[in-house]
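Listed below, chain by chain, are the residues.
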Amino acid sequence: MDEAAAWHYRASMQGEEPNHYPGPIPVEDVRRRLFGWEAVSSPLYIEDPRGGLALVPGRQAIVRSDNGHVMGVFSDGYERHPYGEWLIRRIADLLDSDLWIGSAGLLRGGAVAWVSVEVPENVRTPEGVEFRPHLFGATSFDGSLATTFKRAVTNIVCDNTMAAGLAERGQQVKIKHSRNSRFRLAEAREALHIVHALADGFSQAVASLCRTSVSGRQWDAFLDAHVPMPDQPGRGRTLAENKRDTLARLWNHDLRVSPWRGTAWGVVQAVNTFAHHEQNVRGAERAERNMLRAVTGGIEDLDRATLRTLSGVLDRPLTLAS
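Below: a short report on this structure. On a predicted model such as this, the values are computed, not experimentally measured, just so you know. Per-chain numbering applies: the sequence of each chain, read as written, is numbered from 1 onward. Two thresholds apply to this predicted model, a pLDDT of at least 70 for residue-level local features and 80 or more for giving and counting side-chain atom pairs, whereas whole-chain, interface and lining totals are computed over all residues. Calculation of side-chain values draws on the structure's entire complement of heavy atoms; hydrogens and water are dropped beforehand.

**Some thoughts on the overall build of the protein chain**
Working step 1: Secondary structure is summarised from DSSP: a helix means a run of H or I of at least four residues, a strand means a run of E of at least two, and numbering begins at the N terminus for each. In terms of helices and strands, the protein chain carries nine helices and 10 strands.
Working step 2: The buried label applies to any residue whose accessible area, calculated with a 1.4 Å probe on protein chains only, is under 20% of its type's maximum; exposed applies above 50%, and partly exposed to all values in between. A burial count over the protein chain gives 48% of its 322 residues as buried.
Working step 3: Contacts between residues were defined by any pair of non-hydrogen atoms, one from each residue, lying within 4.5 Å. Within the protein chain, counting contacts between residues at least 6 apart in sequence, those at least 24 apart form 57% of the total.
Working step 4: Approximately 16,000 Å² of the protein chain is accessible, and the part contributed by carbon and sulfur atoms is 49%. Values of accessible area rely on a 1.4 Å probe in the Shrake-Rupley scheme; residue burial ignores everything except the protein chains shown.

Right, dumping it as structure tokens:
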């Protein structure tokens, strides 16, 4: 967390102990303020026809020790990955001493958690793209995701999370919540290439995408492929028209996108920024939806899909990282 208001900023939370920090977040603050409770395994009971309670064999509930919130129900083979151990101690084992915690948080009533460990300074490419590499660790107690460690970048101009790479390999490690799960530190370090190696690869990819021209005709063709226009009038057509209009506004006039208009990078920026800041959100706050997408891999899927579509329009392969 830094002095700029990030996506998780809430004025109501800025009391005696605000949730924004002028520098790196102390590890002990993360432990105390976010992870100061345990995920407890509890037997599962159901009400029987006579009004009593019957034990459900082979099942367990995972419950917060501080407030009793039931985060998930699993078989006895489910293995808890405590946040303090898996998102702080094990990340510390992976990383070098000159990296710091940039953000951390809980989602879904504590059932999902993340910690982002970042380099101290932003990286700025000659094309004017400013980003910060980080290692993103996340896990859950509701069954929504395996414990995941992955490389990612934050695009500073729009506070967007972006895929570190389109070539799947070397970008993330997943560990299942099973009794046979083992955290193989050496293998994880080698697979992730850790955070420092990310800056050069991402910078090279940005440069390549900025050198790739996208004409006005090609942009229109991309919109046709990315947001097909229904033939018949109705709600679907109205939604498509609104989305296309918003993407066109970002492309032509929004400073988060328009400096790179006419390039493949501008296309990626337009679609990613639309998803983070413009797309309609139902059933959750935009900030929580954005972070859940980052945790579960939705952002990587989005960026990869954007480049696949653009590759088809340009008739050439495109990637976001070398």
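The structure having been displayed, the exposition proceeds.
**Some remarks on the sheet that holds strand 3 (residues 70-75)**
Working step 1: Taken together, the three strands give an open sheet; going across it, the order is 1-2-3, and neighbouring strands pair in antiparallel fashion. In this open sheet, the two edge strands, each paired with only one partner strand, are strand 1 (39-47) and strand 3. Neighbour-to-neighbour, the strand axes of this sheet turn through a mean angle of 40°, independent of strand direction.
Working step 2: Inspection of the sheet shows strand 2 (residues 53-64) paired to strand 3 by five bridges, in the antiparallel sense. The partner of Arg59 across the bridge, within strand 3, is Ser75. By the convention used here, strands pair only if DSSP detects at least 2 bridges between them. Axis definition: a line fitted to C-alpha atoms, limited for helices to the stretch in contact. Angles are taken between N-to-C directions and run from 0 to 180 degrees.

**Re the packing of aromatic side chains**
Working step 1: Between the rings of Phe, Tyr and Trp (Trp by its six-membered ring), a pair exists once the centres lie within 6.5 Å; its type follows the angle of the planes, with under 30 degrees stacked, over 60 edge-to-face, and the other angles tilted. Following the criterion strictly, the structure yields eight aromatic pairs and no others.
Working step 2: Seen from their ring centres, Phe35 and Tyr83 are 5.3 Å apart, and the 50° between their planes marks the pair as tilted. In this pair, Phe35 is assigned in the loop between helix 1 (27-33) and strand 1 and Tyr83 in helix 2 (residues 83-94), connecting sequence segments 48 residues apart. Like Tyr83, Phe35 is buried.
Working step 3: Ring plane angle 65° and centroid distance 4.8 Å describe the contact between Phe131 and Phe202, whose orientation is recorded as edge-to-face. With a gap of 71 residues between them, Phe131 in strand 7 (residues 130-140) and Phe202 in helix 4 (residues 196-211) connect regions that are remote in the sequence.
Working step 4: Its relative accessible area of 1% is what places Phe202 among the buried residues.
Working step 5: Chaining the aromatic ring pairs together yields one cluster made of Phe35, Trp37, Tyr83 and Phe141.
Working step 6: Both a distance and an angle decide whether a charge sits over a ring: NZ of Lys or CZ of Arg must be within 6 Å of the ring centre and within 35 degrees of the ring normal. A cation over a ring is seen here: Arg64 above Trp37, with NZ or CZ 4.1 Å from the ring centre.
Working step 7: The ring of Trp86 carries Arg90 above its face, with NZ or CZ at 4.2 Å from the centroid.

**A closer look at the nonpolar core**
Working step 1: The biggest cluster of nonpolar side chains holds 34 residues, and the ones touching the most others in it are Val214, Trp219, Trp265 and Leu310.
Working step 2: When residues of this core are traced back to their parent elements, those giving at least two are helix 4, helix 5 (216-226), helix 6 (235-253), helix 7 (264-278) and helix 9 (298-314).
Working step 3: For this core, the element with the highest residue contribution is helix 7, accounting for eight residues.
Working step 4: In this structure Val214 touches Trp219, Trp251, Gly262, Thr263, Ala264, Val267, Leu310 and Leu314, once residues within four positions along its chain are discounted.
Working step 5: The next biggest cluster of nonpolar side chains, apart from the first, holds 28 residues, and it includes Met71, Trp86, Leu87 and Ala111. Residue types Ala, Val, Leu, Ile, Met, Phe, Trp, Tyr and Cys, when buried and joined through side-chain atoms within 4.5 Å, form a set referred to as a nonpolar core.

**Overview of the side chain of Thr263**
Working step 1: Along the polypeptide, Thr263 turns up in the loop between helix 6 and helix 7.
Working step 2: By relative accessible area, which is 12% here, Thr263 ends up buried.
Working step 3: N or O atoms closer than or at 3.5 Å make up a polar contact, with two conditions inside protein: a donor-capable atom paired with an acceptor-capable one, and, for residues adjacent in sequence, both atoms drawn from side chains. Within the local environment of Thr263, its side chain forms a polar contact with the backbone oxygen of Trp260, the two atoms lying 2.6 Å apart.
Working step 4: Setting aside anything within four residues of it in sequence, one finds Thr263 in contact with Leu209, Cys210, Thr212, Val214 and Trp251.

**Some details on the pairing of strand 2**
Working step 1: Both strand 1 and strand 2 contribute to a ladder of eight bridges, which runs antiparallel. Its bridge partner being in strand 2, Ile46 is matched across the sheet by Ala54.
Working step 2: Counting the residues that bridge the hairpin from strand 1 to strand 2 gives five residues, and of these Gly51 lies at a positive phi of roughly 90°.
Working step 3: In textbook terms, the turn of a hairpin is the stretch between consecutive antiparallel strands, and for strand 2 and strand 3 this stretch comprises five residues, one of which, Gly68, has a positive phi near 75°.

**Points about a nonpolar patch on the surface**
Working step 1: On the surface, Tyr45, Leu53 and Leu55 cluster together into a nonpolar patch covering about 360 Å² of accessible area.
Working step 2: Within the fold, Tyr45 resides in strand 1.
Working step 3: You can call Tyr45 partly exposed: its relative accessible area is 46%. Residues qualify for a patch when their relative accessible area is over 30% and they have no salt bridge, like charges being joined within 9 Å and the nonpolar side chains of Val, Leu, Ile, Met, Phe, Trp and Tyr within 5 Å. Put simply, a salt bridge is a Lys or Arg side-chain nitrogen that is within 4 Å of an Asp or Glu carboxyl oxygen.

**Here we look at helix 9**
Working step 1: In this analysis, the expected span of each helix is defined as 1.5 Å times one less than the number of residues it contains. Counted at 1.5 Å a residue, the expected span for helix 9 with its 17 residues is 24 Å, and the 24 Å between its end C-alpha atoms agrees.
Working step 2: All of the buried residues along helix 9 are Gly298, Ile299, Glu300, Leu302, Asp303, Arg304, Thr306, Leu307, Leu310, Ser311 and Leu314.
Working step 3: Where helix 9 ends, the next residue or the one after it, Asp315, has phi of about 60°, a positive value.

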